[in-house]
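If you want the building blocks of each chain, they are given just below.
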Amino acid sequence: MRPTISVLAVQQKGDAMSAVTETSNCGQTSQAIRERLARRREFLLSDIRAHLREALHVTEESDPGTGDLERATEAAHEEELALNIADVERDSDELSAIKSALDALQAGTYGLCLDCGEAIGARRLSLNPAATRCLACASEREHMAAAASRRR
Ligand SMILES: [Zn+2]
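Residues numbered from 1 in each chain as written. Predicted model: local features only at pLDDT ≥ 70, side-chain atom pairs only at ≥ 80, totals over all residues.

Draft legend 1. How the structure looks around the overall build of the protein. Of regular secondary structure, the protein possesses 5 helices and 0 strands. Ordered by position from the N terminus, the helices and strands of the protein form the series α-α-α-α-α. Partitioning the contacts of the protein with sequence separation of at least 6, the portion at a separation of at least 24 is 55%. (Helix = DSSP H or I, 4+ residues; strand = E, 2+ residues; numbered from the N terminus. Contact = placed C-beta atoms within 7 Å.)

Draft legend 2. Structural detail: the confidence of the model for the protein. Here the protein shows a mean pLDDT of 82. Residues at 70 or above account for 78%. Under a pLDDT of 50 for its full length, residues 1-22 has, in the predicted model, 14 contacts with residues more than four places off or in other chains. (pLDDT = per-residue confidence, 0-100.)

Draft legend 3. View of helix α5 (residues 135-151). Its 17 residues place the ends of α5 24 Å apart at the C-alpha level, agreeing with the 24 Å of an ideal helix rising 1.5 Å per residue. For α5, a buried count of 0 out of 17 residues is recorded, marking the element as mostly open to its surroundings. (Expected span 1.5 Å × (residues − 1). Buried ≥ 20, exposed ≤ 12 C-beta atoms within 10 Å, placed from the backbone.)

Draft legend 4. The arrangement of the environment of E80 in detail. Here E80 lies in helix α3 (residues 68-107). The partly exposed category is assigned to E80, around which 17 C-beta atoms lie within 10 Å. With 25 residues separating them in the primary sequence, E80 and A55 have C-alpha atoms 7.7 Å apart.

Draft legend 5. Seen up close, α3. The end-to-end C-alpha separation of α3 is 58 Å, in line with the 58 Å expected for 40 residues at 1.5 Å each. Of the residues flanking the end of α3, it is G108, one or two places downstream, whose phi is positive at about 80°.

Draft legend 6. Representation of the environment of A86. As for its position among the elements, A86 is in helix α3. With 35 residues separating them in the primary sequence, A86 and H51 have C-alpha atoms 9.8 Å apart.

Draft legend 7. View of the environment of A130. Tracing the sequence through the fold places A130 in the loop between α4 (122-127) and α5. On a C-alpha basis, the gap between A130 and S100 in space is 7.7 Å, while along the polypeptide they are 30 residues apart. Dropping the residues within four chain positions of it, A130 is found in contact with L37, R40, E94, A97, I98 and A101.

Have a look at this one:
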C-alpha cells in the first residue's frame, strides 16, 4: 500500500538527517525536544506538588469521629485521597518516561523503541515526545497490564 511506503521514506529521511544536523526522526532538533520535555517535566512536578498539598489538606481536615456524619466525611476524604494518589502515580509514570527519553537523547538512541529497537515514528513522537516504545509494543504492554490487573 502506498501510505506505508511514504511513511518509511519519511523515517529513512529523518534518520539520514539525524547524522548530519542532529535532527531526530520526528523532525525536531534534539534541543527542541529537550526543551519540550523539560517544560513538561516542570508542569508535572508542579502538578504533583498541588496534589500533595491537597492530600495534606484533606488529611489535616479529617477528624476521626464515631457519628454517621463523621464516617461519611471520612469516606469522602478517603476517596479524595485516592484520587490524588492516582493522579500523582500517573504523573510520576510520565516523569520516568521523560527521564528515559532524556537519557535516550543523551545516548543517541532517542526515537527508537525500547522493546523492539525499531523507529517509533515521527507522528507518535510529535504527539508524545516522551514515547519510549513504538505503538505496537506500547499497546502490547497495555494489554498485558490490563490482563494483569484483571487477574488481581
Ligand atoms: Zn517496538
